[in-house]
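Notes for the structure review
One letter stands for each residue in the lines below.
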Amino acid sequence: MSSTTLQLAVIIASVREGRFGPVVSAWFAEQARRHRSFEVDVIDLAEVPLPLELPSTPPALDPNMQRPASMAELTRRLAVADAYVIVTPDYNRSIPASLKAAIDWHFSQWDAKTIGFVGYSGASGGLLAIEHLRQIFNELNAHTVRNYVSFPRFFELFDAEGRLHEPDGPAAAATAMLDQLHWWASALAAARSPQPVG
């Protein structure tokens with residue numbers, strides 16, 4: 001890794017039993033490592049207790065609020081990341097509740113950072129969740145890159161060992177997104193250095 005290597009957090013959004021997210025995230029994390037522009041940290045939300053009930057003063061109004069102790073490691077890993085890629089299905093035309101809870105429990109961690117998306121689902125390939133996430137992160141002053149990776153009918157695209165039957169197209173899409181992520185993450189990291197965003 002070079003001195004300009006940035007920190008990329010790959011977040012597995014789904015926590016339900018039988019989920020496919022770890023397969024997709026393992027594939028994407030390997031693409032990110034091959035890109036050689038990021039140090040990759042895979043964050044599995046299934047490993048973090050995420051209360052759905054926020055405190056009376058939410059993090060958006062009090063960035064220094066105390067979160068549950070069980071969330072401390074997640075908060076630290078989100079804070080040190082320069083960029084994020086969220087691996088998500090869509091549930092009922094939106095995002096998993098676990099992901100929304102992780103987003104809402106944090107605020108300054110997303111500020112002036114860049115975010116990409118890998119979606120998977122039956123017909124839409126996760127695009128409905130991705131479009132919803134763009135709106136959410138815009139409110140949090142984060143920049144979402146235009147390019148994305150999508151796996152419609154994902155259950156037909158991967159074999160039993162988690163390998164893609166036809167990897168070239170998704171690999172090219174991942175590279176294009178990682179190129180955009182690196183450009184924006186580098187620019188935003190430089191912009192954050194002199195002073196935090198007001």
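Look a little higher up for the structure.
Residues numbered from 1 in each chain as written. Predicted model: local features only at pLDDT ≥ 70, side-chain atom pairs only at ≥ 80, totals over all residues. Heavy atoms only, no water.

What follows covers the overall build of the protein chain. What the protein chain contains, in helices and strands, is 5 helices and 6 strands. Sequence-ordered secondary structure for the protein chain, helices as α and strands as β, is β-α-β-α-β-α-β-α-β-β-α. Rg of the C-alpha trace for the protein chain: 16 Å, near the compact-globule value of 16 Å for 198 residues, within the 12% margin. Along the longest, intermediate and shortest principal axes, the C-alpha atoms of the protein chain span 45 × 40 × 25 Å. Within the protein chain, the proportion of its 198 residues that are buried is 47%. By sequence separation, contacts in the protein chain at least 24 residues apart represent 82% of the contacts at least 6 residues apart. When the accessible surface of the protein chain is totalled, it reaches about 10100 Å², and 51% of it is carbon and sulfur. (Helix = DSSP H or I, 4+ residues; strand = E, 2+ residues; numbered from the N terminus. Rg over C-alpha atoms; globule rule 2.2 N^0.38 Å. Buried < 20%, exposed > 50% of the residue type's maximum accessible area, 1.4 Å probe, protein only. Contact = heavy atoms within 4.5 Å. Areas by Shrake-Rupley, 256 points an atom, 1.4 Å probe, with all protein chains shown as cover.)

Moving on: the side chain of Thr-114. Position of Thr-114 relative to the elements: it lies in strand S4 (residues 114-121). A distance of 3.2 Å separates a polar side-chain atom of Thr-114 from the backbone oxygen of His-143. Those residues in contact with Thr-114 that sit more than four places away from it in its chain are Asp-82, Ala-83, Tyr-84, His-143, Val-145, Leu-181, Trp-184, Ala-185 and Leu-188. (Polar contact = N/O pair within 3.5 Å; in protein donor to acceptor, adjacent residues only side chain to side chain.)

Bringing unusual backbone geometry into the picture now. A positive phi angle is found at Asn-141, which is not glycine, with a value near 65°. Looking at the element boundaries, Asn-141 is found in the loop between helix H4 (127-139) and strand S5 (143-144). We classify Asn-141 as partly exposed; its relative accessible area is 41%. The backbone of Arg-153 sits at a positive phi, close to 50°, despite the residue not being glycine. Tracing the backbone through its elements, the reader meets Arg-153 in the loop between strand S6 (149-152) and helix H5 (168-192).

Ile-86, Trp-110, Leu-133 and Phe-137 are the most contacted members of the largest nonpolar core, which has 30 residues in total. Within the residue set of this core, elements represented by two or more residues are strand S1 (6-12), helix H2 (72-80), strand S3 (83-88), helix H3 (97-104), S4 and H4. For this core, the element with the most residues is H4, which contributes 5 residues. Sequence-distant contacts of Phe-137, that is, excluding residues within four places in its chain, are made with Ile-86, Ile-103, Trp-110, Ile-115, Phe-117, Ala-142 and Thr-144. The next biggest cluster of nonpolar side chains, apart from the first, holds 26 residues, and it includes Ala-83, Val-87, Val-145 and Met-177. (Core = buried A, V, L, I, M, F, W, Y, C linked by side-chain atoms within 4.5 Å.)

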